Each structure stands twice: as C-alpha cells, then as structure tokens.
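# Coordinate inspection notes
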Amino acid sequence: MKQHQYEALIVGAGGAGLMAALHASQRAKTAVLSKLYPTRSHTGAALGGIGAALGNLEEDKWEWHAFDTVKGGDYLVDQDAADILAKEAIDAVIELEHFGLPFDRTPEGKISQRRFGGHTNNDTGKPVRRACHAADRTGHMILQTLYQQCIKNNVAFFDEFHVVDLILNNGKACGVVAVQIGTGELHLFHAKSIVFATGGWGKCWETTSNAHSLTGDGSALTYRAGLPLEDMEFYQFHPTGLYPTGFLITEGVRGEGGVLINGKGQRFMEKYAPKIKDLASRDVVSRAITLELRAGNGINGKRYLYLDLRPETVNRYLAEAGESRRIDAHFIETKLAETCDQARTYAGIDPVHEPMPIQPTAHYAMGGIPTNNDGQGISDAQNTVVPGLYAAGECACVSVHGANRLGTNSLVDLVVFGRRAGKHAGDYAKGADWTPLPADAGKHIEAELNRLRNANGKVKPYTLRQKMQQVMMDKVGVFRNEADMKQAVEDLREMKRQFKTELGIDDRGLKFNTDMLEAWELGALLDVAEVTAYSALHRTESRGGHAREDYEKRDDVNWLKHTLASKSADSDEIKLDYKPVVMGRHQPKERVY
Ligand SMILES: Cc1cc2nc3c(=O)[nH]c(=O)nc-3n(C[C@H](O)[C@H](O)[C@H](O)COP(=O)(O)OP(=O)(O)OC[C@H]3O[C@@H](n4cnc5c(N)ncnc54)[C@H](O)[C@@H]3O)c2cc1C
C-alpha cells in the first residue's frame, strides 16, 4: 500500500470540502481526496442561490434569517448554530465575492437577491429577497471560485481517489484508505485531522435530484467506525422534481413568481399555506403535492402536477397580489437559464410556453455525522469530541437544518461551517502530535475489496440497489407509518444479508473497476438507508420532513430532541440514544405559512 502523510486531510471536494481545504491550508499541510474530479461535485448542480441577509433590495436582518431557519426546521434546529449560520452568512458571501464569484447585480452594482421558500420579513410574514445568486448557476460558480482559490493556495489534490475506510486509533482519527480509481491501487493516508465533506445520499431513493455519486460514503464510514449518525429520519423531499426523472427544478422558479397548478387548473397552495402559498417550506409543499396526487388531482389523472412559469400566468398572479413587477421571456431565459435548458433537454418542455410536469423528489439529508459548531465530530449525547475528526456540508449534522432545511441554506452551511471546520482542523493539526497508524491499518478493507472484486454470487448490485430504492420510496418517503417502516427495516436487513453472501459482480480487473466500487457504494447506501428507516420508525411524531400517518402531530413534550443512532460494538444491531435540542430566543410554536 502506498503511504502519504498530510497534517490535514479533506475527504470530498464539493463546496464544504473546498472551503475547509482553503482555510485549513492557510494553517497546515493539507490535501483533498475526491472520488470525482473536484468541479464535478454536486455543489456544482446547486441552482437557486445562497441565503444571506444583506438587505440589498429591501429591509432584512440576520435575526430574521435565524428565526426562519429555526421555524423552517420545525424547532429541531440547534439555535446557537442557526445564529452562527445567519450571522456569518453575510460575511461568507462577501468573502466569496472578494474571491471573484460573479454574482448577479442590482442596477446600483450590489449583489442581487431573490425570494426563496420560507425566507420572510418577520414583521409582515411576507417573502423577503435574501437569496444571492449568479443566474441559476450559483453552486457552479461557488465550486469554480473555491477550486481556483485552493489551487492558488497550493492545496494538494488527489482526484479520483475513492476513500473506503476511516482509521481510528485509541478513539482518535488518524487516517483513511483510498482506492486510486484509475489503477485500483490502495493508498494509506496518515493525518492529524480529517474532515469528511462527502455530501448526501439521495441515491437511497428511487426518484431523486441527486447525482449518481451521492451514496453516503463518509457517513457510512464514521458509522462503521462506531460513531453515531444524528437525525437520520429527517430527509427532505423537494417539491419540484421534473417528471419522470426527478431532476431538480429550482425553487428559484417559484421565487421569481412560478406557481403550482393541479389537474383541475387550481393554484392549490392557497389552500395549504394561505399566507405565503407556493413559497411555504419544502416539507409543507411536498406534502400538499402528495395529497393532491392522492386525491386524484394529478394532471390527466397521472402522478404529476404542473409548475407554471409562463409569463402570462405569472403576471396574472403578480397583478392579483398587487405587485407592480412583471416578467417576460427574456427574464426567464436569463434569470433561469439552466432551468430552461434542463426542462428542454430532459423533458422536451419549453418553460416559457408550457407548464412543467413535476413531482416530489428525494433531495437533501438534514441528518448526518454529528458535529459541534467548529465541525468537530462528536461521539455521544454529552457532545464528547472525537479528536481529529471533523465533518462539514451535507454529510454533517450541526444541527442547523433541524427537521427540514430551507432553500439556499445548504450553500450557506457549506461555506459557513466548511470554513469553521477548516480553520479548526488546520489549527488542531498544527498543535497536535501524530497519532500512529495501527499496525493492521487497511488490512480489513483490503480483504473486503478483494471479496467484492471476486464475488460470484447470483445477486447483482444494480438489482439490489433498485430494490432498496423502491422500498425507501414506498415505505420511507413523504408520508410514513409504523407497518411500512417495520417492513422496510426487515427488507433492508435481508438486502444486507444478500449483499454479504450472495453478491456477484462481473469485472475482476483493477483499473477503473467501477463495478466493484459501485458495489462498495451500495454497501454504504444500505447502511445509511437502514439507519434512516430505523430512526424514523422509532420517532412517534410528525415534524418537518418526517410526516407520520399514525402520529400526525408534532410532540414537543416527548420529541424535542435529536436522535443518535449507532452500531452496537458486538453486532449489527442499531442502538438509539437522544440528546436535547439547544434552545435560544425561540420557543416552539405551531408553524403557520
Ligand atoms: C440539483 C440540486 C440543486 C441544489 N440547489 C441548491 C441551492 O440552490 N441552494 C442550496 O443551498 N442548496 C442546493 N442544493 C443542495 C446543495 O447543493 C448540497 O447540499 C451541497 O452542494 C452539498 O455540498 P457538499 O460539499 O456537502 O457535497 P458535494 O458537493 O455533494 O460533494 C461531495 C464530495 O465528496 C466526494 N466524495 C464522496 N464520497 C467520497 C469517497 N468515498 N471518497 C472520496 N471522495 C468522496 C465527491 O467526490 C465530492 O467531491 C442542491 C442540490 C441539488 C442536488
């Protein structure tokens, strides 16, 4: 096994990983490992914007942003973290601007801002313009900008290195093992601090906005190392996935005035969220769409509704609302260029002239590797720090999104907490002694990869993956109940058994063996899916993205707490523990939109 040594290691080159790398590299010798070429990370697909209370177009305050985040998260948000998110968002966006990020501008040259779901003027309850954006390519621009800065700062990049193991010694993180995808060689990296920034796991579900690479690797690795995963039952379905692929149509479409219409031609969100209608938080809108579909109100009886962005429709509703603003074809083509392109390419629909067919799509993991506000991994309900281990971005749970994330808040999370994790990991690495690698480091994973590469059973990884995705979609989706989730846990356990004993793959080679690596990713997905279903089964209330048909109400008396799920030391059983939510200025109230 080839060996490398860096003081700080960042696993993942999305927005969180690159922001962490940039700040760690100013303090310690830093390398980034990424299974994708960095600029192909999913952050590049983020469209609509990054929220910050700059107040460039109308009055706004970071305290309003913090409150919206807490309310949007159905009060499961740690309020100290929400304050940090909202306050530091302002400065982080300015930092990105100074790095050269080409934001859209107002006529006076300030950063332009648009509306997004759940972001409000707290005095009036009306939507506020808070999402800073570069057309509808905001994530792409963030990724390119941060990558350039990392190159400028001499961060070492190991591109197309797939991390498959995390090594702890005496409870301290000290290394990872990675497969160099092009050669199949294994590499052992020794480090003082390790930041996981591996993104989400939308690929657990059948219909998802997520890229193929989003398989929960980092979260599965820390889980296997005996550390807990927090609040995994909270997974967000975005209301507007393009039908039938699930590709995301950004909330920016509704931010600019687009409306949801059912098969009866009604703007049904008026019924579910009379105040902010189509811009209610995502859990609310996804449930409304699912209920409309269940009531037989799909378009022509099918499993989709319309998202209508045609100027004539939007302008009619803007006029009805007493707004002077109007949109036209040029506006749509420039402000929502990527959306137009995607709808035309993937659905054959021209959004300027036709409504877009949409359905809810699995989108974002609120839960993940538990961390404190400096990105340090924690191992229990007492917030005990795991020395040297960090996580940031979608794979982490600070917890700033609680039970439901607001649009634009993930990009904020990446830069605010990516920066905090990078700074802390860099400083820690400078000061700490080296923890030695155990003598058998990497041996176990080497054996497991050999098993996978030579597996000749009858069950193909892609059939197992499809089965898992269907089970998760049907039984752990927008609405949930006990019987379904029990069945899901049982089904997933059976799939894990098949994964261990009956798997068969075709490619026995070493170079670019994606057959083997996809099988390994399936193992990660199965772990994460099981923890999700199990945590969800045991939370007997409805909150944010976790909506139960058998427990319809939020239950603050018993459930205002975070779930911590970990693997038992001596078996594959899952252990559940709980820890209190950090409260602050806001006491739980009923959410009215
Ligand atoms: C289509 C779409 C649109 C979105 N739009 C918005 C938006 O407008 N605003 C917003 O706030 N949020 C948006 N989101 C959410 C947001 O983009 C993501 O949550 C965020 O980009 C995740 O960033 P990340 O840095 O955590 O991970 P990612 O950007 O997903 O990057 C993960 C990185 O980890 C690496 N990696 C993973 N596993 C391994 C492994 N085993 N070994 C080595 N490397 C590994 C990958 O190579 C990659 O570099 C959107 C998401 C999607 C899918």
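Residues numbered from 1 in each chain as written. Predicted model: local features only at pLDDT ≥ 70, side-chain atom pairs only at ≥ 80, totals over all residues. Heavy atoms only, no water.

### Quick notes on helix H13 (residues 443-453)
This is how it is decided: Only protein chains enter the area calculation, which uses a 1.4 Å probe; residues under 20% of their type maximum are buried, those over 50% are exposed, and those in between are partly exposed. Each helix is a run of H or I in the DSSP string that is no shorter than four residues. Each strand is a run of E no shorter than two, and both are numbered from the N terminus. This arc is taken over the directions from the axis of the helix to the C-beta atoms. Here a residue-residue contact requires only that any non-hydrogen atoms of the pair lie within 4.5 Å.
Three or more residues of H13 are buried, namely Ile445, Leu449, Leu452 and Arg453. For H13, the angular spread of the buried residues around the axis is 95°, confining them to a single face. Of the surrounding secondary structure, the elements contacted by the buried residues of H13 are strand E7 (161-169), strand E8 (172-180), strand E9 (186-196), helix H15 (482-501) and helix H16 (514-538).

### Topic: the site of the ligand
Short version of the rule: A cutoff of 4 Å decides nearness: a residue is near a molecule or strand if any of its heavy atoms lies inside that distance of it. In protein, a polar contact requires one atom able to donate a hydrogen and another able to accept it; more generally it is a pair of N or O atoms within 3.5 Å, and residues adjacent in sequence count only if both atoms are side-chain atoms. Only the protein chains shown count as cover for residues, and all accessible areas are computed by the Shrake-Rupley method using a 1.4 Å probe. Any residue that is not Ala, Val, Leu, Ile, Met, Phe, Trp, Tyr, Cys, Pro, Asp, Glu, Lys or Arg is counted as polar, Gly included; the first ten are nonpolar and the last four charged.
Near the ligand there are 39 residues, and of these Ser41, His42, Thr43, Asp217 and Glu394 occur at the shortest range. One of the backbone nitrogen or oxygen atoms of histidine 42 is found 3.5 Å away from an oxygen atom of the ligand. For the ligand, an oxygen atom lies 2.6 Å from a polar atom in the side chain of glutamate 394. Protein chains shield 98% of the accessible area of the ligand, which is 1,000 Å² for the free molecule. The set of elements that each furnish at least two residues to the shell around the ligand consists of helix H1 (15-25), strand E2 (30-34), E7, strand E14 (356-365) and helix H12 (409-431). Counting residues per element, the shell around the ligand draws most heavily on H12, at four residues. Within the shell around the ligand, the residues separate by chemical class into 16 nonpolar, 19 polar and four charged.

### Quick look at the nonpolar core
Generally speaking, nonpolar side chains in soluble globular proteins are found buried as a group. Note the threshold: Buried Ala, Val, Leu, Ile, Met, Phe, Trp, Tyr and Cys residues form a nonpolar core when they are joined through side-chain atoms within 4.5 Å.
Judged by nonpolar contacts, the single largest core of 83 residues is most densely connected at Leu9, Phe189, Ile194, Phe196, Trp201, Leu449 and Met468. Ranked by residues supplied to this core, first place goes to H16 with 15 residues.

### Observations concerning the pairing of E2
Looking down a regular strand, the side chains alternate between one sheet face and the other. Basically, it comes down to this: When DSSP finds two or more bridges between two strands, those strands count as paired. With the strands pointing away from the viewer, any crossover whose connection runs clockwise from the first strand over the helix to the second is right-handed.
Burial within E2 is extensive, with five of its five residues counted as buried. Burial along E2 is two-sided: the face carrying Thr30, Val32 and Ser34 and the face carrying Ala31 and Leu33 are both buried. Two strands pair when backbone bridges link them, and strand E1 (residues 2-11) and E2 are joined in this way by four bridges, in the parallel orientation. Directly across from valine 11, in E2, lies its bridge partner leucine 33. Between the parallel elements E1 and E2, the chain passes through H1 in a crossover that is right-handed. Note that E2 and strand E6 (residues 156-159) share four bridges and pair parallel. Note that in E6 the partner of valine 32 across the bridge is phenylalanine 157.

### As for the pattern of salt bridges
Heads up, the condition is: Definition used for salt bridges: Asp or Glu carboxyl oxygen within 4 Å of a side-chain nitrogen of Lys or Arg.
For the structure on display, the rule yields 48 salt bridges. For arginine 129, the salt bridge identified is with glutamate 58, shortest N-O distance 3.7 Å. Note that arginine 129 is positioned in the loop between strand E4 (113-114) and strand E5 (131-132) and glutamate 58 in the loop between strand E3 (50-51) and helix H2 (62-72), a separation of 71 residues in sequence. Take glutamate 58: its relative accessible area is 26%, and that puts it in the partly exposed class. In this structure, the salt-bridge partner of arginine 287 is aspartate 283, at a minimum N-O distance of 3.5 Å.

### What to know about the state of the cysteines
Inclusion rule: By convention in this document, the label disulfide applies to cysteine sulfur atom pairs within 2.5 Å.
Enumeration according to the criterion identifies zero disulfides in this entry. Considering cysteine sulfurs only, cysteine 395 is the nearest to cysteine 150, which forms no disulfide, with 16 Å between them.

### A closer look at the packing of aromatic side chains
Which entries qualify depends on this criterion: Side-chain rings of Phe, Tyr and Trp (the six-membered ring for Trp) are treated as a pair once their centres are within 6.5 Å; stacked means planes under 30 degrees apart, edge-to-face means over 60, and tilted covers the remaining angles. Both a distance and an angle decide whether a charge sits over a ring: NZ of Lys or CZ of Arg must be within 6 Å of the ring centre and within 35 degrees of the ring normal.
Taken as a whole and assessed by the stated rule, the structure comprises 14 aromatic pairs. Aromatic pair tryptophan 205 and phenylalanine 237: ring centres 6.1 Å apart, planes at 85°, arrangement edge-to-face. One end of the pair, tryptophan 205, is in the loop between E9 and helix H5 (217-224); the other, phenylalanine 237, is in strand E11 (residues 235-242), and 32 residues separate them in sequence. Judged on exposure class, the residue tryptophan 205 and its partner phenylalanine 237 are both buried. The ring of tyrosine 6 is capped by lysine 29, whose NZ or CZ atom sits 4.8 Å from the centre of that ring.

### Quick notes on the sheet that holds strand E13 (residues 305-308)
Working definition: the strands of a sheet are paired by backbone hydrogen bonds and lie parallel or antiparallel to each other. Operational definition: Simply put, an axis is a line fit to the C-alpha atoms, just over the touching stretch for a helix, and the angle between two N-to-C directions goes from 0 to 180 degrees.
Pairing is antiparallel in the open sheet, where four strands are placed in the order E11-E14-E13-E12. Strands with a single pairing partner mark the edges of an open sheet, and in this sheet they are E11 and strand E12 (259-261). With direction set aside, neighbouring strand axes in the sheet form an average angle of 45°. In terms of strand pairing, E11 meets E14 through six bridges, oriented antiparallel. By the bridge assignment for E14, glycine 241 is matched with glutamine 359. Taken strand by strand, helix H11 (residues 337-347) contacts E11 and E14, and its axis lies near 75° from that of E11.

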